[in-house]
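A look at the structure
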Amino acid sequence: MIDDGLFCPSCLTPVSIETALTNSTVSWPTEKWVYFRCECRGNYAHLEVDNDYEANMGSVKIGHVESIAPDFICHSRILSPDLYVEIRRELMIVEYTSRKYIFPAHDSITQATIQLVEKLFPAADKEDVLLLLVNECGGNLPLVDVGSPLIERIRLAAIKVSNGDKTKLCEAIEQAKNDWRDLLVWAEQRN
Ligand SMILES: [Zn+2]
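Note that the coordinates shown come from a computational prediction; the quantities given were computed from them, not determined experimentally.

**With respect to helix α4 (residues 150-162)**
- Between the first and last C-alpha of α4 there are 18 Å, a value that for 13 residues agrees with the 18 Å anticipated at 1.5 Å per step.
- By the burial criterion, the buried members of α4 are I151, I154, R155, A157, A158, I159, V161 and S162.
- Those residues of α4 hidden inside the fold are in contact with α2 (111-120), α3 (126-136) and α5 (166-189).
- Following α4 by one or two positions, N163 adopts a phi angle in the positive range, close to 50°.

**Some points on the domain arrangement of the chain**
- Here the domain parsing of the chain yields domain 1 (6-104) and domain 2 (111-189).
- Placing the centre of domain 1 and that of domain 2 at their C-alpha centroids yields a distance of 26 Å.
- Counting residues at the interface gives 7 residues for domain 1 and 6 residues for domain 2.
- Of the residues forming the side of domain 1 that touches domain 2, the biggest block, 4 residues, is contributed by strand β10 (residues 99-104).
- Within the side of domain 1 that touches domain 2, the residues separate by chemical class into 4 nonpolar, 1 polar and 2 charged.

**Concerning unusual backbone geometry**
- Unlike most non-glycine residues, L12 shows phi in positive territory, near 65°.
- The residue L12 is located in the loop between β1 (6-7) and β2 (14-15) in this model.
- Of the residues examined, L12 has 11 C-beta atoms within 10 Å and is grouped as exposed.
- A positive phi angle, close to 55°, is found at N56, a residue other than glycine.
- Relative to the helices and strands, N56 is located in the loop between β5 (44-52) and β6 (57-66).
- Given 9 C-beta atoms within a 10 Å radius, N56 is considered exposed.

**Some remarks on the pairing of strand β8 (residues 83-87)**
- Here 5 bridges tie β8 to strand β9 (residues 91-96), and the two strands are oriented antiparallel to one another. Residue pairing in the sheet places L83 in a bridge with Y96 of β9.
- Connecting β8 to the antiparallel partner β9 that follows it, the hairpin turn spans 3 residues.

**Things to note about the nonpolar core**
- Among the nonpolar cores identified, the biggest contains 46 residues, and A20, I154, A158 and A176 are the most heavily contacted of them.
- Mapping this core onto the domain boundaries places at least three of its residues in each of domain 1 (6-104) and domain 2 (111-189).
- Contacts of A20, omitting those with residues within four sequence positions, involve L6, V15, F36, L47, V60 and I62.

**Let's talk about the packing of α4 against α5**
- α5 packs onto α4 with a crossing angle of 115° between their chain directions and a minimal axis gap of 9 Å. In this view, α4 runs roughly perpendicular relative to α5, as classed from their interaxial angle. Our pair here, α4 against α5, has a crossing hand that is right-handed. For the pair α4 and α5, the contacting residues are R153, I154, A157, A158, I159, K160, V161 and S162 in the first and K168, L169, A172, I173, A176, W180, L183, L184, W186 and A187 in the second.
- Its residues assigned to classes, the contact of α4 with α5 comprises 14 nonpolar, 1 polar and 3 charged.

**Points about the packing of α3 against α5**
- α5 packs onto α3 with a crossing angle of 5° between their chain directions and a minimal axis gap of 11 Å. On the basis of the axis angle, α3 is roughly parallel to α5. Facing α3, whose interface residues are D128, V129, L132 and E136, α5 presents K166, L169 and I173.

About the cut-offs
Residues numbered from 1 in each chain as written. Predicted model: local features only at pLDDT ≥ 70, side-chain atom pairs only at ≥ 80, totals over all residues. Helix = DSSP H or I, 4+ residues; strand = E, 2+ residues; numbered from the N terminus. Expected span 1.5 Å × (residues − 1). Buried ≥ 20, exposed ≤ 12 C-beta atoms within 10 Å, placed from the backbone. Contact = placed C-beta atoms within 7 Å. Domains from an automatic or database assignment. Nonpolar A, V, L, I, M, F, W, Y, C, P; charged D, E, K, R; others polar. Pairing = 2+ DSSP bridges. Core = buried A, V, L, I, M, F, W, Y, C linked by C-beta atoms within 7 Å. Axes fitted to C-alpha atoms, helices over the stretch in contact; angles between N-to-C directions. Parallel < 35°, antiparallel > 145°, perpendicular 65-115°, else oblique. Left-handed = near helix turned anticlockwise from the far one by under 90°.

Put into structure tokens, the structure is as follows:
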């Protein structure tokens, strides 16, 4: 199997596994794809992250997804014994060396939500915060349907009210579970 390192398919800059995972955001758990943004020119590509059980390693591929017939076109690939992928319905968890990277499913969290988390929270809290939002602040809320645009409004309100403090975010999510209308009003008053 080819194991010649990862390269950005647009600018051909070498990309380490750590850089690839750090610069990725949302996932397609069924396909095992994550959305990757190259640092150099901000070009977008996809990663396919999977366990190679034959080689007893994790595999990362960089490539493109054909939008007409969704199919992954691989440009480069790397294998690592330090990489393990766990697929869940609403997210992908990639463990690499001692770090865990969380990629919420593309339809479970919006880019605007991820950007506000990145803006207000320290980088070290990002994974915990995304997990909290996906697991605790979504279709489980009262009177909210899975896939409702209300979920994004409530999440943005909770993040705003927390102002980058994890304890305050937990409190805001607990409030949303009781009555998220109070949280929306509160967040609007703080603007
Ligand atoms: Zn690039």
